[in-house]
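# Remarks on the overall topology
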Amino acid sequence: MKTEDVFGGIAVFVNRHPKEIFVVMLVLAAISLFFAGHIPTQALSDEYMDKQSPAGIIYDLYNNRYGQDTYILLIKTPDPGDPVLLNQLLVLEKQLSRISHVDSVHSVADIVAQYHGGAIPGTSAEVWAIIDRLPPDIQKKFVPDRQTALGYVLIEQGVSTDASQNIEPFVVNTVGQATLPPGVSIEITGNTPYTLQFEGAMMADFGVLIIACIIFMLIVMYILYSKIRFWILPIVLLIFGLFYTFGIMGAFGIPANDGAIAAFPILLGLGIDYAVQFHMRFDDERRQKEISPALAETLKHTGPSVLIALASTSLGFAAMFITPIPMIQTFATVSIIGISCCYLTSVLGFGAIVHLVSYEPKPPGRGFTYRLNAAYERVLSTVVSVVVKIAGPVVLVAVVIAAAGIALDSGIPVDASQKSMVPPDLPAQLVADKVQSVSGSLTPLPLYVRGIDPSSVDGIWWIDRLGTELADKYPKITRIESIASLVRSYNSGVLPVSQAGLDRVLAAIPAQERSLYQIDATTSIIIISIGSMTINEQRAFSDNVAAEIKWLEPPPGAEVVPTGDFSLYVILTEQVVKNKDRMTMLGFILIFVLLLLIYRKAVALTPLVPIICVIGWNTLGMIALGQDYSILTAVLGSMTIGVGSEYTILVMERYLEEQRKTGDKIRAIQEAVRKIGSAVVVSGLVTAAGFSALMLSSFPILSGFGLSTVILVIFSLLSASVIMPAVLALVGRQERT
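We now turn to the structure provided with this report. Just so you know, these numbers come straight off a predicted model, no measurement behind them. (Residues numbered from 1 in each chain as written. Predicted model: local features only at pLDDT ≥ 70, side-chain atom pairs only at ≥ 80, totals over all residues. Heavy atoms only, no water.)

Attention shifts here to the packing of helix H11 (residues 233-252) against helix H12 (residues 258-286). In a packed pair of helices, the relevant descriptors are the angle between the two axes and the axis-to-axis distance. Contact geometry of H11 with H12 gives a least axis separation of 9 Å together with a crossing angle of 140°. Put simply, H11 runs oblique to H12. The chirality of how H11 crosses H12 is right-handed. Touching Leu233, Pro234, Ile235, Leu237, Leu238, Leu242, Thr245, Phe246 and Met249 of H11 are Ala260, Phe264, Leu267, Leu268, Gly271, Ile272, Ala275, Val276 and His279, all from H12. (Axes fitted to C-alpha atoms, helices over the stretch in contact; angles between N-to-C directions. Helix = DSSP H or I, 4+ residues; strand = E, 2+ residues; numbered from the N terminus. Parallel < 35°, antiparallel > 145°, perpendicular 65-115°, else oblique. Left-handed = near helix turned anticlockwise from the far one by under 90°. Contact = heavy atoms within 4.5 Å.)

Written out as structure tokens, the structure reads:
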């Protein structure tokens, strides 16, 4: 059965049952709203790391067994050695210790008291005398400079993330009610405050961006599209498609993470695009026919064209599944679900609504919109007429420029660090920046040790040797903590050489303190604290640590694996670098195969040339704007293939239709661009308007993605309107010869 026959059957069904279809749409929308309330959020680590991978499994093992949530108190004071302040900090420590699940609280106050018989000295000079005698690593940990002190609220090991988040309000309130000397302030950061603020900012951004997208798109729709009766109809169909997408997300537990947020402008843009294609074709047909035959003609011709465009776009997104980064997979999943819902809504819902409103086209007018469209059509016709005459040079120049961009692509840096993803004014991030500026990185590198018994002499000496080697070679390391360093601290700074001696020292260490580094005979951890590093420095350091571990040759069957948040962002960056070009290439291959299977002739390959051009042009645009690749902009290549192919396929489909009517290839090109060009430009600019709303996001990863995608859409429109006609002209000449 031919595709046109299938869509002809759909047209018959829609023409017979418009009311029933609309009622079903309303019912499904209501059901979707219910499920939308069950859309889950997602922890940052679950967004960025595949928890089924070996690294993900180790990450969770480390966090579940040894991870200990810590709230960091940044104490800004004229004098960290003020006895009045230290006594009040001791009171605050006791109050914080009473909070459920708080394991311990430490600050310079209890360190000073420990060195002074359990009491705070009476003068600042005496306090500073004690502080100055502390080991350098302890000084930096608690009093990094003369205006700053740090405190640490340690949550019990094994406490779940949810429980730790429930503690946060109590910690904040207790600190907020503390009595402090004039000029002293305490700010709070740490993993839990950071995560809570991140999630809150994300959900607030989500709502604002959706509203901004719709407003921007309405403005552009009105300016460019109000010559069409019921110009707001594509927005109505889009809203139904969004409802269904939200409902599917809630029903199947698809999280509202950064990837999902970034996908919604795509849904808004392409959802509008599909509806506009049906609307404009129907408006033209309706001027000559009654509603039912006009709708049948629209569905038979536009339905298959947009379906092919949908398939190619979906394949571009499907290529993203080769990356193990969950956030990118969510982006692809939501995009495919969303554009499919919008397409089905346009195919069935559009026809139902035009019957219900007894659609009549607007008579020709003389308003701004008509003048703008007429001017655009004149310019486009002139450009196409010139392009088809000089098609060879046009394509050559476009491809050369694109090739330059593709060659320069590898030089664009990749930044997948935590700081590149969060709002720069996030309070927890601001406090973390202040702490890092005086105390070094807040993200140590944990090594998860399996298969080495740290309670044996051989095991503890191997762990100590690794720590010593690393500390001697890398000056950025500020402190290394392990069961070996703990044993040294309880044995006058030396490791026992006999099993009996080691057993004696281990027995003297309190179980709670020992459990920070070892909880059984098969696992332990080594914590490497470092100075502040860029993400690329972190990658190099992590590689060096792995090389040192390999060189020291762990015992047979043992493994020592870098993990924790330090490794999370290192692995994330490496995955972006590794998969960026692979996603683009796979998307290109998938669409190439699809077009070859559908058309089975040379013209099938014509949409690929403009797509290649856009990929190269995008790179040059990013370089000109000084942008780095992030997790989201890394998908631009495969997204370009998906979004760009949609516009070029629509032009090609209309070209083939006009060629069958006229038999003249050049005239078919001109007619195709004239007739489909307005719809493509309207939908493209509406898509760009939707993506431009992302630039309002407080999240750099989203605002940068919005800017990059606006450029992508503009380049895609340029390639569809100029490069595609040139390529079709070249292919037409080749076929004639």
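Moving on, we come to the pairing of strand E8 (residues 559-562). Along E8, the buried face is formed by Val560 and Pro562; none of Glu559 and Val561, which line the opposite face, is buried. Direction of pairing for strand E5 (residues 445-450) relative to E8: antiparallel, over a ladder of 4 bridges. Each residue of the ladder has a partner; that of Arg450, found in E8, is Glu559. (Buried < 20%, exposed > 50% of the residue type's maximum accessible area, 1.4 Å probe, protein only. Pairing = 2+ DSSP bridges.)

A few words now on the nonpolar core. Within the largest apolar cluster, 158 residues are counted, with the highest numbers of intra-cluster contacts made by Tyr48, Phe264, Met320, Phe331, Ile631, Met639 and Phe705. The contact partners of Phe264, leaving out residues within four places of it in the chain, are Phe206, Ile210, Leu242, Thr245, Phe246, Met249 and Val334. Listed in part, the 41 residues of the second largest apolar core include Leu92, Leu96, Val102 and Val171. (Core = buried A, V, L, I, M, F, W, Y, C linked by side-chain atoms within 4.5 Å.)

Let us now look at the sheet that holds E5. The strand order across the open sheet formed by 4 strands is E6-E7-E5-E8, and the pairing between neighbours is antiparallel. The strands lining the two open edges of the sheet, one partner per strand, are strand E6 (477-481) and E8. Here the strands of the sheet are splayed against their neighbours by 20° on average, with no regard to which way each runs. In this sheet, strand E7 (residues 523-530) lies alongside E6 in antiparallel orientation, the contact comprising 4 bridges. Directly across from Glu481, in E7, lies its bridge partner Ile527. Strand contacts of helix H18 (residues 457-473): E5, E6, E7 and E8, with the helix running at about 175° to E6, the strand carrying the most contacts. Across the sheet, helix H22 (residues 535-552) lies against E5, E6, E7 and E8, angled at about 25° from E5, the strand it touches most.

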